[in-house]
Amino acid sequence: MSVISEAELRRAFHQFDADGSGSINARELAAVLRIDTGAHSYTEAEATIEAARMIAEFDKDGDNALKFDEFIEWYRELRKQDARDGRAAAARVQAVAISGERALELAAIGSAVTADVSALMSGLTSVDEVTEDGESVLYAACERGETALVQHLVQHGAKVHAGSADGVSPLTISALHGYADIFALLLRYGAKIDRRDRTGSTALCTCCERGAVQGAALLLAHGADPNTTRQDGATPLFICCDNGWLAILPQLLSHGADPNLIAPAPADEAPLSVCASYGELLAASELLEAGANVDARRADGATALFLSSQAGHAPVVRLLLEAGADPEARTRDGVGALQASCEAGHAEVVAELARAGAALDEMPGGGPSVLSVACWEGRTEVVRILLEAGAALDHTATSDHGLTPLHSATWQGHEEVVRLLLKRCGRGAAPLLLARALDDGSTPLLIACEKGHAGVAALQLQYGAAVDAQNGEGFTALMVASQKGRRDIVDMLLQVARAPATIRHYRTPPPHAANVCRLSSPRIASHRP
């Protein structure tokens, strides 16, 4: 409701001032209150009592009436009420303030309902005329719950599908507000329950989109197709799940909604996938009980299990696994639920998937293991869970330069993860793990020196890393650290007894030292979902 100007208020004031006294008394104010906008409805007795209360509240000079300035205060109070209840109670004032409005249109927006409807009909040129807002008179009456007026309009031939300026039909608006009597009237006079309005939506789809639980129940009880579609192909079940109006979901399922109908592009997914990705445990359970395919895929190959794992919804992951979801299902890019949850650091989900038998080491195309992914991202707790589950410390990504979990953690400088890996390996076997090199000959120690991760290098030295190991270019850790200006690491290496003494005499790097740091960057990031 737009703000009414002072001139409009003054015209309305004089119209309500029936006796021309220059003020509105309690009787005149009660008549105003009896005008029904659909938001505020008073009986005669209630209106008399409320008018007396308002006179007492807004009458500043004690004359038991409202002068124009007091009338404005009353109007402001009405607008405050409107903000609280979301309805335009000030329509009472605005309706009479609009000069030239037809009597029937005034009735349709909530004014003059006390007048005889048949008499109002005689002042209308056509029952299909529209208001200044672009609404059909029938739509306006339906929106405000004017049952008697709607009945007269349809009896006199009003088009039952003529709606608002933006294309919403009278049937849809009556369902949204839960006006059962008006809804039944429209059906009786020819409204089609599954007809798409000009927005491309059916009444049921609109109720599911806006969360009108009562309206959806009304439509389904009158035979609305639970598997109807919006113009974009989305079903009511998908729409209510996608918009979070899950109270409607049981109604749809009980009336035969198919949980396996997949919404077309761009959504391209089933309701179960939507609920799983949002972590809606109860809704996912209801869909599964109704026969939803637990391994249904989106166009990109993602299943409900993948989406809930990626988002970290452990209870939903547990539910899906118990329902038989395949823990090895992968997207078209070859990413599985375990890899997605490892990268995101969802430890509880990782534990669930590991217990369900998700592969820890064999990756499609020879890519990095899930342990390598977790090490690269620095997910310490996830690394601990994977190690306890038996993930291989020495798994080599053949498609990624020979990357191992230790290389991944070292490259990113995750000191605590490196500590976990070496501790798990033990001092006896650690030197063998530390000797594993990338395709270019770079050992974990050489990588730590090149990247400047002094703490990681210190750990590796404690566990027996060979300081004299050379990369493919013939450079040792000390040479790499010197060339990179890593003074702290150089000092550390020089303290190691096994460091060759001859290397200490290098004053400048060899001519080809620029190649020392040209380590091939792992492609592990390309495996992210």
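Residues numbered from 1 in each chain as written. Predicted model: local features only at pLDDT ≥ 70, side-chain atom pairs only at ≥ 80, totals over all residues. Heavy atoms only, no water.

1. Concerning the overall build of the protein
Argument step 1. Looking only at helices and strands, the protein has 30 helices and two strands in total.
Argument step 2. Looking at the 529 residues of the protein, the share that counts as buried comes to 51%.
Argument step 3. Excluding contacts between residues fewer than 6 apart, the proportion of contacts in the protein whose partners are at least 24 apart in sequence is 68%.
Argument step 4. If you sum the accessible surface of the protein, you get close to 22800 Å²; carbon and sulfur atoms cover 48% of it. (Helix = DSSP H or I, 4+ residues; strand = E, 2+ residues; numbered from the N terminus. Buried < 20%, exposed > 50% of the residue type's maximum accessible area, 1.4 Å probe, protein only. Contact = heavy atoms within 4.5 Å. Areas by Shrake-Rupley, 256 points an atom, 1.4 Å probe, with all protein chains shown as cover.)

2. Quick word on the packing of helix α9 (residues 147-155) against helix α11 (residues 180-188)
Argument step 1. Relative orientation of the contacting elements α9 and α11 amounts to 5°, with a least axis distance of 10 Å. When the axes of α9 and α11 are compared, the pair comes out roughly parallel. Seen from α9, the contacting residues are Thr147, Val150, Gln151 and Val154; seen from α11, they are Asp181, Ile182, Leu185 and Leu186.
Argument step 2. Among the residues forming the contact of α9 with α11, the class breakdown is five nonpolar, two polar and one charged. (Axes fitted to C-alpha atoms, helices over the stretch in contact; angles between N-to-C directions. Parallel < 35°, antiparallel > 145°, perpendicular 65-115°, else oblique. Nonpolar A, V, L, I, M, F, W, Y, C, P; charged D, E, K, R; others polar.)

3. As for the pattern of salt bridges
Argument step 1. Evaluated as defined, the whole model comprises 14 salt bridges.
Argument step 2. In this structure, Lys67 engages Asp63 in a salt bridge whose closest nitrogen and oxygen atoms are separated by 2.4 Å.
Argument step 3. We classify Lys67 as partly exposed; its relative accessible area is 32%.
Argument step 4. Where Arg419 meets Glu416, a salt bridge forms, and the shortest distance between an N and an O atom there is 3.5 Å. Taken together, the residues Arg419 and Glu416, both in helix α25 (residues 415-425) and three residues apart, mark about one turn of the helix.
Argument step 5. On the accessibility criterion, Arg419 (33% relative accessible area) is partly exposed. (Salt bridge = Lys/Arg side-chain N within 4 Å of Asp/Glu carboxyl O.)

4. Comments concerning the side chain of Thr331
Argument step 1. Looking at where Thr331 falls in the secondary structure, it is placed in the loop between α19 (314-322) and α20 (337-344).
Argument step 2. We classify Thr331 as buried; its relative accessible area is 12%.
Argument step 3. Contact partners of Thr331, with chain neighbours within four places excluded, come to Asp300, Gly301, Ala302 and Phe306.

5. Notes on the nonpolar core
Argument step 1. Core analysis: the largest hydrophobic core is formed by 120 residues, its most contacted members being Leu320, Leu386, Leu421 and Leu493.
Argument step 2. Sort the elements by how many residues they give to this core and α19 lands first, with six residues. (Core = buried A, V, L, I, M, F, W, Y, C linked by side-chain atoms within 4.5 Å.)

6. A closer look at unusual backbone geometry
Argument step 1. The phi torsion at Asn64 lies on the positive side, around 60°, for a residue other than glycine.
Argument step 2. Tracing the chain through its elements places Asn64 in the loop between α3 (44-58) and β2 (65-66).

7. Structural notes on the environment of Gly301
Argument step 1. Within the element layout of this structure, Gly301 appears in the loop between α17 (281-289) and α18 (304-311).
Argument step 2. The class for Gly301 is buried, based on a relative accessible area of 6%.
Argument step 3. Sequence separation between Gly301 and Gly334 is 33 residues; the distance between their C-alpha atoms is 9.0 Å.
Argument step 4. Setting aside residues no more than four positions away along its own chain, Gly301 makes contact with Arg330, Thr331 and Arg332.

8. Comments concerning helix α14 (residues 236-243)
Argument step 1. Burial runs high along α14: six of the eight residues are buried.
Argument step 2. Within the span of α14, buried status applies to Pro236, Leu237, Phe238, Ile239, Cys240 and Cys241.
Argument step 3. Following α14 by one or two positions, Gly244 adopts a phi angle in the positive range, close to 80°.

9. What about helix α27 (residues 444-451)?
Given 3.6 residues to a turn, an α-helix orients residues that are three or four positions apart in the same direction.
Argument step 1. The buried count for α27 comes to seven of eight residues, which makes it a mostly enclosed element.
Argument step 2. Those residues of α27 lying buried are Pro444, Leu445, Leu446, Ile447, Ala448, Cys449 and Glu450.
Argument step 3. Elements that come into contact with the buried residues of α27 comprise α24 (405-412), α26 (430-434), α28 (454-462), α29 (477-483) and α30 (487-494).
Argument step 4. Downstream of α27 by one or two residues, Gly452 has phi in the positive range, about 80°.

10. Thoughts on the state of the cysteines
Argument step 1. Summed over the entire model, instances satisfying the criterion amount to zero disulfides.
Argument step 2. Here Cys205 stays free of any disulfide, with the sulfur of Cys208 as its closest cysteine sulfur at 6.6 Å.
Argument step 3. Unpaired in terms of disulfides, Cys275 finds its nearest cysteine sulfur in Cys241, a separation of 3.5 Å. (Disulfide = S-S within 2.5 Å.)

11. Thoughts on the packing of α20 against helix α22 (residues 370-377)
Argument step 1. Between α20 and α22, whose axes approach to 8 Å, the crossing angle comes to 15°. By the angle between their directions, the pair α20 and α22 is classed as roughly parallel. For α20 against α22, the interelement crossing comes out right-handed. On α22, the residues touching Leu338, Gln339, Cys342 and Glu343 of α20 are Val370, Val373, Ala374 and Glu377.
Argument step 2. Split by residue class, the contact of α20 with α22 holds five nonpolar, one polar and two charged. (Left-handed = near helix turned anticlockwise from the far one by under 90°.)

12. Remarks on the side chain of Ser174
Argument step 1. Mapped onto the fold, Ser174 is located in helix α10 (residues 170-177).
Argument step 2. Not counting residues up to four positions away in its chain, the partners in contact with Ser174 are Tyr179, Ile182, Phe183 and Leu186.

13. Some points on the confidence of the model for the protein
Close inspection of predicted coordinates is inappropriate for parts of the model with low pLDDT.
Argument step 1. Per-chain confidence: the protein averages 80 in pLDDT, with 77% of residues scoring 70 or above.
Argument step 2. pLDDT under 50 marks residues 501-521. Its contacts with residues more than four places away, or in other chains, come to 30 contacts.
Argument step 3. Counting interchain partners and residues more than four positions distant, the pLDDT-below-50 stretch residues 525-529 has 14 contacts. (pLDDT = per-residue confidence, 0-100.)

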